[in-house]
Amino acid sequence: MVQCHGAQCGYCTPGFVVAMAGMFESCDRVTEKQVRDGLTGNLCRCTGYEPIIKAALAVDGSASPKMRDRYPTLPDADDSVTVGNFAAPATLDEAIAFKRDHPGCTIVQGGTDVGVWVNKRNYAAPAMLSLSKIASLNEIREEDSAIVVGANTSLADFETFITDRIPELARIMAIFGSPQIKNAGTLVGNIANGSPIGDTIPYLFVAGAVLEMNDGTRTVPIDRFYLGYRKFDLQPDEIITRVRIGIVRDTLKLYKVSRRKDLDISAFTAAIRLAMTGDRIDRAGIAYGGVAPTVIRLPRTEAFLAGKSATLDTFEHAGRIARDEIKPISDVRGSADYRLQLAENIMAKFWYEVFGETPARRLAHA
Ligand SMILES: Cc1cc2nc3c(=O)[nH]c(=O)nc-3n(C[C@H](O)[C@H](O)[C@H](O)COP(=O)(O)OP(=O)(O)OC[C@H]3O[C@@H](n4cnc5c(N)ncnc54)[C@H](O)[C@@H]3O)c2cc1C
């Protein structure tokens, strides 16, 4: 960084160096694309990014040992750990018992939401529980046209797994947070955090995702999990162990609207799914985020679309129903009016993107 003039005031330098070190854990040389993607979570206001990118491209990672070799796993790393009111048990039974016996206990996984509450809101939980040592929760697998994702699966591993299976959701994951956040944060954490603008949730709604508690003692469809703003159908002795997510093969589009494309919190999100026969819509699944205390389905708009032809007129009309079906609030990310307009316009945008005249279609009609 110094040789390539990538460090000036020094404020951001440690973050860049740590992010680069992370990239070289899995390779010895990086491409420019890898550098640009890998450093999206770091900001510099002195040098500009070119010297920093040059510095990463100049590194030969084979010259120094990888972190995992430098800090090998200790022989007793799989044992349960309890320190004061923090526990990282090795079995699910122990985890359930700890949560039950410590009212108000907060599960902390990647800590990318919980850490912000601690930093910004002085949040102090009476007890904290990590599931990271429970090996059975590390899984991610495909089963009967669905993906089963364990509570410990990071957003990064989820993104890699769905790249070819659910490319539309992978497109949203590519602009979700930064690599650092996605390496630490979990998919189940995004669900359980329950933010109305959680970026994975609209897809999970239209795909009929089902949450599994305590290894399957109970299952809850995701659209019944949210009972109000950050209120959940989750008992004190329950942990979300897995989520089962359908692989949508129908017509599907996802939207994340924010002031900046990369690294920004959404003002509005949407998932629109259609099952079609020819030009006719058999069924519609629509979920919006950022317009209510939780992500919501739009049953009236869905019912209107069912049985209709997929014309622009139909979708403009559907947009007006969608607008009428929600009551968004104004906040720092957008006014209620802005969100109402988005809720309406997104339906027409969807039509133009999926059915509208593309140069290829125009040629076919000529
Ligand atoms: C800089 C930054 C950028 C971000 N960008 C985005 C973004 O683009 N889009 C987006 O949607 N979010 C974003 N987030 C929010 C956050 O990264 C995600 O919500 C992430 O998925 C949370 O996962 P985690 O494992 O870190 O959760 P944690 O912070 O560990 O936990 C979050 C909540 O889930 C609960 N929980 C976790 N696991 C379980 C479980 N198994 N059972 C029951 N409850 C559980 C916890 O108790 C807590 O209430 C961002 C956060 C930061 C700091």
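A quick note: this is a predicted structure, and the numbers were derived from the prediction, not measured.

(A) Representation of the environment of R283. Among the secondary structure elements, R283 is positioned in strand 14 (residues 280–289). Each C-alpha atom, one on R283 and one on L305, is 7.3 Å from the other, the two residues being 22 residues apart in sequence. Not counting residues within four places of it along the chain, the set of residues in contact with R283 comprises R273, L274 and A275.

(B) Layout of empty space enclosed by the protein. Inspection of every chain in the model, using the stated rule, returns 1 cavity of 30 Å³ or more. Each pocket or cavity is described by its volume, and for the largest cavity that value is around 40 Å³. When its residues are assigned to classes, the lining of the largest cavity shows 6 nonpolar, 1 polar and 1 charged. Shared between two domains, the lining of the largest cavity holds at least three residues of each, these being domain 3 (138–246) and domain 4 (251–359).

(C) Here's a closer look at the domain arrangement of the protein. Per the domain assignment, the segments of the protein are domain 1 (13–70), domain 2 (81–129), domain 3 (138–246) and domain 4 (251–359). A straight line from the C-alpha centre of domain 2 to that of domain 4 covers 37 Å.

(D) Highlighting unusual backbone geometry. Residues other than glycine seldom take positive phi values, yet D215 does so here, at roughly 65 degrees. Here D215 lies in the loop between strand 7 (210–213) and strand 8 (218–221). Classification of D215 by relative accessible area gives partly exposed; the value is 44%. Unusually for a residue other than glycine, L263 sits at a positive phi of about 55 degrees.

(E) Structural view of the nonpolar core. With 51 residues, the main nonpolar core has Y203, V243 and I245 as its most contacted residues. Sorting elements by how many residues they give to this core places helix 11 (residues 201–206) first, with 5 residues. Ignoring sequence-local partners within four residues, the contact set of V243 consists of I147, V148, V149, L187, V188, I191, A209, V210 and L211. Judged by nonpolar contacts, the second largest core, of 28 residues, contains Y255, A270, I326 and L342.

(F) View of the packing of helix 1 (residues 13–23) against helix 3 (residues 50–58). Between helix 1 and helix 3, the least distance of the axes is 11 Å, while the angle of their chain directions is 35 degrees. Between helix 1 and helix 3 lies a crossing of right-handed hand. Contacts between helix 1 and helix 3 involve F16, M20 and M23 from the former and I52, A55 and A56 from the latter. Its residues assigned to classes, the contact of helix 1 with helix 3 shows 6 nonpolar, no polar and no charged.

Rules and cut-offs
- Residues numbered from 1 in each chain as written.
- Predicted model: local features only at pLDDT ≥ 70, side-chain atom pairs only at ≥ 80, totals over all residues.
- Heavy atoms only, no water.
- Helix = DSSP H or I, 4+ residues; strand = E, 2+ residues; numbered from the N terminus.
- Contact = heavy atoms within 4.5 Å.
- 1 Å grid on protein atoms, 1.4 Å probe; cavity = no way out; pocket = protein on both sides within 12 Å on 5 of 7 lines; lining within 4 Å.
- Points joined across faces, edges and corners; volume = space filled by probe spheres on them.
- Nonpolar A, V, L, I, M, F, W, Y, C, P; charged D, E, K, R; others polar.
- Domains from an automatic or database assignment.
- Buried < 20%, exposed > 50% of the residue type's maximum accessible area, 1.4 Å probe, protein only.
- Core = buried A, V, L, I, M, F, W, Y, C linked by side-chain atoms within 4.5 Å.
- Axes fitted to C-alpha atoms, helices over the stretch in contact; angles between N-to-C directions.
- Left-handed = near helix turned anticlockwise from the far one by under 90°.

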